[in-house]
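Tertiary structure, described
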Amino acid sequence: MVKIGIFGAGYVGLSTAVCLAEKYDITLIDIDPEKVGSINNNRSPIFEKDLDDLLNSALKNKKFEARLFSDKFSPFDLIFITVGTPSESDGYIDLQYVRNVSKALLYRKEEFFLSNQQTLIVLRSTVIPGTTNQFFKLFETKRLARIAFSPEFLAQGTAIHDTLFPRRIILGTNDKETSMTLKEFYFDFYNKKKIPLFTMTIESAEFTKYIANAFLAMKISFVNEMADLVEKVANAEIDDIIQGVGSDPRISPHFLRAGIGFGGSCFPKDVQALIRFGENISAETPSILSSVLKVNENRPFRLIKLLREELGDLNGKKIAILGLAFKPGTNDIREAPSLRIIQALWRAGTLIKVHDPLIPRMNLQSYSRFSVEVHHNILDCVRGADACLLLTEWSEYAETNLEDLTKEMNKKIIIDGRRIFLKTNIPTNVRYITIGNPHNRFTPINHT
Ligand SMILES: NC(=O)c1ccc[n+]([C@@H]2O[C@H](COP(=O)([O-])OP(=O)(O)OC[C@H]3O[C@@H](n4cnc5c(N)ncnc54)[C@H](O)[C@@H]3O)[C@@H](O)[C@H]2O)c1
């Protein structure tokens, strides 16, 4: 049976591991003892739909285990590297985790590699062009292992589905033979599923991931900037406009949703890293990318502005926040717009109450300094509030009756950063405001 080692038990590594464990022998390796312990005890440190069930069956089948980086290993056929590649404080990509894995593979080669260059190392972390060869080419030169870069495209919230049914596979290698080996592995795992597969050089594959993420981020900032214009024109509706615009297949409606901007562990840091990379190789700042980030950074403050227009001075006001995660379906709050909004509210002297369906599985350390009052029940969170800000489009919120939601609020003001209540009946005594709508209107236009 193919024996696979995966370095990095985060969102990508763990999702990949439990899916591959259906068919292969998997060792998931991490430096964090708490993570390793929790995975082996059948408690996933992250939330993803279907992940708990897959982890449970992987552990039961005994073809899967999590191990510490410092443990002793025996050689693998395939090594996936899915460690983090965060931003440094100046926006450059931080490659320390990739470097550490590369060093360990070199110094502990007997533990990891089969003889005769039979082991294949596949870097799956998002890295700037040139990185894979910079850190791993020596394994080919020294004839220790073969190398490839195959970027990960899963999205949090749908990580398991995306791993089992990827939209495409990108495969970057330095030679055709390695490309064939990895192709055969993918064909074996995906078992006749017709998934588009593109082979290219490692550098092109590294670029493909960045450019794809930058393009999606650009769509979000673009629609948000357009929403700000639409908001100024009476009777104009951004959703209707997007429907018209997105119906052109050259544009597509995906990622064209006005809101409070993108967050998470990928788009902000990847756009930032591509900007720094661009500056390095061309001595110029990529201007579209810079605008994408600038528009996005200002997004959360649009909501604060709308709130001030309603409440005036925010000092001493009680504000309920519904949704902390950067998107529904995940417990990830890295770079979530909620953090910047809460920080701004705290600076303005408000009392902040928060709710998220996944709060029990969130690490709220970065929020605790803003003295937030944490609630596990939606109605408890909004009770007595002067306004409610909706920040994540969880279905739990969309399904809430607005009359019930606002019943015990001090002021019945809802500012909907994700436009999820637009299609519902807004009670006449509720002041409902969304991004992208002329907000002097109390209720949306009903065309039906
Ligand atoms: N999260 C996503 O949605 C997503 C999607 C596509 C690509 N990516 C990319 O995939 C990579 C991983 O992302 P993530 O969100 O899973 O990161 P993460 O921060 O959730 O997980 C990274 C893990 O690597 C571990 N690690 C660090 N050094 C290690 C070492 N020497 N050996 C073993 N483990 C080590 C960390 O402890 C951590 O558990 C990043 O490059 C990211 O940009 C992420």
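What the rule picks out here adds up to 2 cavities of 30 Å³ or more. Here the second largest cavity is characterised by a volume of approximately 40 Å³. Around the second largest cavity, the lining residues are Ile169, Tyr186, Phe187, Tyr190, Lys193, Ile195 and Leu197. The greatest single-element share of the lining of the second largest cavity, amounting to 3 residues, is contributed by helix α8 (residues 176–190).

Taken together, the 4 bridges between strand β7 (residues 169–173) and strand β8 (residues 197–200) define a ladder with parallel strand orientation. If you follow Gly172 over to β8, its bridge partner there is Met200. Tracing the backbone out of β7, into α8 and back to the parallel element β8 gives a crossover that is right-handed.

Time to look at the confidence of the model for the protein chain. With 98% of its residues at a pLDDT of 70 or more, the protein chain shows a mean pLDDT of 95. A low-confidence stretch, residues 440–448 (pLDDT under 50), is modelled with 16 contacts involving residues beyond four sequence positions or located in other chains.

Take the site of the ligand next. Near the ligand there are 27 residues, and of these Asp30, Lys35, Thr85, Gln156 and Lys269 occur at the shortest range. One nitrogen or oxygen atom from the side chain of Lys35 is found 2.6 Å from an oxygen atom belonging to the ligand. A distance of 3.0 Å separates an oxygen atom of the ligand from a polar atom in the side chain of Arg334. Summarising the interface, the protein chains cover 92% of the accessible area of the ligand, which totals 830 Å² for the free molecule. Elements with a minimum of two residues in the shell around the ligand: α1 (11–20), β2 (25–30) and α4 (96–107). Of the residues in the shell around the ligand, the class split is 12 nonpolar, 9 polar and 6 charged. A domain split of the shell around the ligand shows at least three residues from each of domain 1 (3–199) and domain 2 (213–434).

One can read the domain layout of the protein chain as domain 1 (3–199) and domain 2 (213–434). On a C-alpha basis, the centroid separation for the pair domain 1 and domain 2 is 33 Å. In this assembly, 20 residues from domain 1 lie in contact with 18 residues from domain 2. Each partner contributes to the roughly 1500 Å² buried at the junction of domain 1 and domain 2, and carbon and sulfur atoms together form 49% of this total. It is Phe47, Tyr92 and Gln156 in domain 1 that bury the most area against domain 2; as a group they hold 38% of the surface buried on that side. Across the pair Asp52 and Arg361 runs a salt bridge whose closest N-O atoms are separated by 3.3 Å.

Cut-offs and rules
- Residues numbered from 1 in each chain as written.
- Predicted model: local features only at pLDDT ≥ 70, side-chain atom pairs only at ≥ 80, totals over all residues.
- Heavy atoms only, no water.
- 1 Å grid on protein atoms, 1.4 Å probe; cavity = no way out; pocket = protein on both sides within 12 Å on 5 of 7 lines; lining within 4 Å.
- Points joined across faces, edges and corners; volume = space filled by probe spheres on them.
- Helix = DSSP H or I, 4+ residues; strand = E, 2+ residues; numbered from the N terminus.
- Pairing = 2+ DSSP bridges.
- Right-handed = clockwise from strand over helix to strand, strands pointing away.
- pLDDT = per-residue confidence, 0-100.
- Contact = heavy atoms within 4.5 Å.
- Near = heavy atom within 4 Å.
- Polar contact = N/O pair within 3.5 Å; in protein donor to acceptor, adjacent residues only side chain to side chain.
- Areas by Shrake-Rupley, 256 points an atom, 1.4 Å probe, with all protein chains shown as cover.
- Nonpolar A, V, L, I, M, F, W, Y, C, P; charged D, E, K, R; others polar.
- Domains from an automatic or database assignment.
- Buried area = accessible area lost by both parts, 1.4 Å probe.
- Salt bridge = Lys/Arg side-chain N within 4 Å of Asp/Glu carboxyl O.

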